[in-house]
Structures are given as structure tokens and as C-alpha cells.
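Each chain, letter by letter, is given below.
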Amino acid sequence: MTDIQHISYLQSEALTPFAHPHSGARPREHGDSGFWDTLAGTTIKLAAVFWTAVLLTDSILWGVAGVDPIRSFFGKLIIDSFGALLTLIITGVLYRLRNAGILTKVGLAFVFSSIAAPLFSLIDFAFFALCISPKVPVFDWHMAGVTMVSSFGTFFGWSCLFISLLYSFEVQDRERRLAFVREEALTAQMRALRYQISPHFLFNTLNSIAGLIEEGSTKRAERMVISLSTFLRTTLTLDPMSDVTLAEELMLQEEYLEIERERFPDRMDFSIDAAASTKAGRVPSLILQPLIENAVKHGLSRSIKAITISIRARRHGDRLFIAVENDLSASNHSRDSASQGFGIGLRNVAGRIRARYGDNGRFTAGMTTDQNFRAEIDVPWQAA
């Protein structure tokens with residue numbers, strides 16, 4: 001049996017650098033404010049953990065140096081609170097400059113930390129002077145230098161941590177937007193593929209109805225009108241992104257085949273063979289439509305006698321197999337000619353299978369050993 005090449009129409013789209021809703025850049029998709037609120041909340045929590053760790057580390061180190069960690073805790077808490085405030089200021093500036101390159105952000109973090117470190121040292125000395133008042137403190141350049149180096153490491157370490165967090169959120173945001181674009185593209189693709197129902201079917205059916213009315217076969221014309229109305233109403237209301245049960249799909253295709261049998265009462269018949277257990281499986285809506293259209297169009301056009309279109313469904317383990325077959329044994333055409341003209345409908349089905357199931361769905365079509373044409377869908381079993 002000849003395999004039909006799987007067609008995938010979905011292509012990834014390049015995304016421009018994102019921006020915050022209030023940054024003056026292009027509007028963002030719905031839900032972005034919640035996304036950036038999450039970043040703000042995460043940053044605050046991370047800062048709280050970071051400065052709690054700094055406070056505990058200072059307590060331990062000063063305790064090792066001989067300072068009572070309990071008595072000095074309140075003072076360290078106040079000083080580290082000022083440090084946390086400076087951290088949030090640095091964070092805000094880095095966030096405003098988030099669209100800069102990574103090296104630029106690291107360089108800015110170095111500059112901001114160099115500014116914040118002496119400022120923090122001055123605050124530390126001022127608080128020390130307040131604590132020992134009315135004594136006059138003696139400024140110790142060595143201790144000031146140690147404090148500046150230590151605070152610089154703290155501020156720069158936090159800045160690098162925030163840059164990493166910001167980068168992580170940027171990556172997540174890009175992936176979220178890319179997934180949104182892919183979903184929209186997939187929806188459009190599925191709609192386009194599903195609605196490739198041959199317009200000739202509608203024109204020919206209407207012509208057949210007009211012919212039956214002219215012949216006086218009003219009952220047959222009425223049946224065709226009702227079947228056509230049911231078929232069109234159902235196809236137009238189906239959601240292209242939703243699956244239907246195999247029972248619903250077969251019922252819809254039976255309406256279609258009943259219309260065609262009214263058009264060709266002496267040349268076409270059909271049979272549907274599907275166990276009750278298979279009818280509960282879910283399949284993409286209208287997935288069989290192009291296959292049956294091909295069977296009607298090309299089967300009848302290549303046969304000098306009546307043909308039978310067979311639809312069979314079976315389940316093997318976790319796989320569902322659906323086959324559409326039409327006989328060509330009475331055809332005067334060769335195998336090569338019988339395989340012509342089946343491109344659009346089969347590519348339609350192959351594309352939908354590929355888009356819906358990826359590598360987990362398969363579609364094959366070609367001549368069988370007994371000169372029949374057979375198209376088969378193999379998809380994962382999904383119960384309704």
C-alpha cells in the first residue's frame with residue numbers, strides 16, 4: 001500500500017522582543033498584567049528570602065566574632081532593612097532597563113552596586129553613631145572598607161540573581177506567546193482544512209434536486225433536500241478544534257452517502273461496518289469527508305459498473321483504525337491512472353492527522369491487491 005506524505009502547514013513565527021503593557025511598546029495579549037504581577041510577587045518573595053539569609057548569616061558571623069547575636073539582632077534587622085530597600089531600588093532600575101543586553105545589565109548592576117555599597121556603609125555608620133550617642137563615634141576606615149566590600153558583594157549578588165530571574169520570566173513569556181500564536185495558527189489551519197468540502201457536491205446535489213422535481217419525483221427530491229439540509233447544518237456548526245465520536249462522524253457521512261446514492265441510484269451503493277465498541281472512540285470532525293468524496297468522485301468516474309463504498313472501523317488495543325474503500329475492479333483504467341486526482345482530499349486528511357496527533361497518527365492510501373482503492377486512518381484510541 002502506498003503511503004501518503006504527511007503534510008504540516010504549521011510554521012513557527014518569529015516573535016519580537018516583548019515589553020511591559022505600560023512601557024510604550026506594542027500592546028500585549030490578554031492576561032499579561034497577571035503574568036507581570038507574578039514576576040513582582042516572585043521578586044518580593046525572593047528578596048525576603050535573600051535578606052533573611054543575609055540577616056542570619058550576619059548573626060552567625062558576628063556571633064563567631066564574639067558579638068552576642070541576640071542583643072545585636074535588632075540593630076542588624078534595621079540595617080538590613082535599609083539594605084533591602086536599596087535592593088528594591090536597584091531592582092526597579094534594572095527592571096526599567098530590562099530590554100538592554102545581558103552584558104549591559106550586568107555592567108549596570110556593577111555600577112549600581114558600587115553606588116549602593118558606600119551609601120549602605122554610611123547608613124551603617126550613622127546607625128552605629130545613633131546607638132552609642134552621646135558618645136562621639138570614631139570613623140574606622142578599615143571597618144568602613146570591609147563593610148563596603150561586603151555590601152557590594154551583597155548588592156551585586158542580588159542584582160545578578162534578579163537578572164537571572166528576569167531572564168527566566170522573559171523566556172517563559174516568549175514561550176507563552178509562541179504557544180498562543182501556534183494555537184491560533186493551528187485553529188486557522190484546522191478550519192481551512194476542514195472546510196475544503198468540494199463545492200461541486202453542493203452544485204451537483206442542487207442540480208439533481210432540480211432534475212428530480214422536473215421529472216416529478218418529488219418524494220426523492222424531498223429526501224435529498226432534507227438530507228442536504230441536515231448535512232450542511234451539521235458541518236457548519238461543528239467546532240473544528242473539537243473531536244466527535246465515531247458514531248456521530250459515521251452518522252454524518254451516512255447522510256452524505258444517502259444524498260449521493262439518490263443521485264446515482266443504479267451506480268453506487270455503500271456499507272458501514274463498525275462495531276459498537278468502536279463508535280465510542282473520538283475522531284476529528286469531518287475527517288472522513290474528503291476520503292468519501294474521493295471515493296464517490298473517482299470511483300464512479302473510473303468504473304463502468306456499479307461501485308460499492310465501504311467504511312470499516314476496528315479497534316486494536318489503544319489504536320483505532322478507520323478505512324474507506326471503493327472497488328475499481330470494473331475500471332478500464334490502469335493502476336497509475338487510478339491513483340491520479342486524489343491529491344487534495346488526501347493531503348487534507350494527512351494534514352489534519354499530522355496537526356492533531358503529530359507522529360502518533362498515521363494515514364495511508366493506495367491500491368490494494370484486489371484492485372480496490374483504500375485509505376486508512378490510524379489514530380490513538382480516545383474514549384468519549
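Reading guide: rules and limits
- Residues numbered from 1 in each chain as written.
- Predicted model: local features only at pLDDT ≥ 70, side-chain atom pairs only at ≥ 80, totals over all residues.
- Heavy atoms only, no water.
- Helix = DSSP H or I, 4+ residues; strand = E, 2+ residues; numbered from the N terminus.
- Expected span 1.5 Å × (residues − 1).
- Buried < 20%, exposed > 50% of the residue type's maximum accessible area, 1.4 Å probe, protein only.
- Arc of directions from axis to C-beta.
- Pairing = 2+ DSSP bridges.
- UniProt positions renumbered as here; feature names shortened; annotations may be inferred.
- Axes fitted to C-alpha atoms, helices over the stretch in contact; angles between N-to-C directions.
- Left-handed = near helix turned anticlockwise from the far one by under 90°.
- Contact = heavy atoms within 4.5 Å.
- Nonpolar A, V, L, I, M, F, W, Y, C, P; charged D, E, K, R; others polar.
- Salt bridge = Lys/Arg side-chain N within 4 Å of Asp/Glu carboxyl O.

Could you clarify how one ought to interpret helix α6 (residues 218-237) in this entry?
Three or four residues apart is the spacing at which side chains of an α-helix point the same way, because the helix has 3.6 residues per turn. Given a rise of 1.5 Å per residue, 20 residues ought to cover 28 Å, and the 28 Å separating the end C-alpha atoms of α6 matches this to within 8%. Looking only at α6, the buried set comprises Ala221, Met224, Ser227, Leu228, Phe231 and Thr235. An end-on view of α6 places all buried positions within 130 degrees of arc, on one side of the element. Seen from the open side of α6, the exposed residues pointing more than 90 degrees away from its buried face are Lys219 and Thr237.

Looking at this model, I keep getting lost on the pairing of strand β4 (residues 307-316). Mind explaining?
Strand residues, when the strand is regular, have side chains that alternate between the two faces of the sheet. Pairing between strand β2 (residues 268-274) and β4: seven bridges, direction parallel. Paired with Ser271 across the bridge in β4 is Ser310. Across eight bridges, the pairing between β4 and strand β5 (residues 319-327) is antiparallel. Within β5, the position partnered with Ala313 by the bridge is Ile322. The antiparallel hairpin formed by β4 and β5 contains two residues in its connecting segment, where Gly317 sits at a positive phi of about 65 degrees.

Any chance you could explain the UniProt feature "transmembrane region" (unreviewed entry) in the protein chain here in plain terms?
Under the UniProt annotation, the feature "transmembrane region" (unreviewed entry) is placed at residues 46-65, 77-95, 107-129 and 141-167. Each end of residues 77-95 is marked by a C-alpha atom, and these two atoms are 26 Å apart; helix forms 100% of the span and strand 0%. Helix and strand shares over residues 141-167 are 100% and 0% respectively, and the end C-alpha atoms of the span are 38 Å apart.

What exactly am I supposed to notice about the packing of α6 against helix α7 (residues 246-263) here?
Working note: a packed helix pair is described by the angle between its axes plus the distance between those axes. The N-to-C vectors of α6 and α7 enclose an angle of 150 degrees; their axes lie 9 Å apart at closest approach. In this structure, α6 crosses over α7, and the sense of that crossing is left-handed. Across the interface between the two elements, Arg220, Arg223, Met224, Ser227, Leu228, Thr230, Phe231, Thr234 and Thr235 of α6 pack against Leu252, Glu255, Tyr256, Ile259, Glu262 and Arg263 of α7. Taken together, the residues that form the contact of α6 with α7 break down as six nonpolar, four polar and five charged.

Any chance you could explain the pattern of salt bridges here in plain terms?
Side chains that differ in sign of charge can pair as their charged atoms come close. Enumeration over the complete set of coordinates arrives at 14 salt bridges. A single salt-bridge network, built from bridges that share partners, covers Arg312, Arg314, Glu325, Arg374 and Glu376.

Looking at this structure, I do not really get the environment of Ala247. What am I missing?
Within the element layout of this structure, Ala247 appears in helix α7. A relative accessible area of 27% places Ala247 in the partly exposed class. On a C-alpha basis, the gap between Ala247 and Thr278 in space is 8.2 Å, while along the polypeptide they are 31 residues apart.

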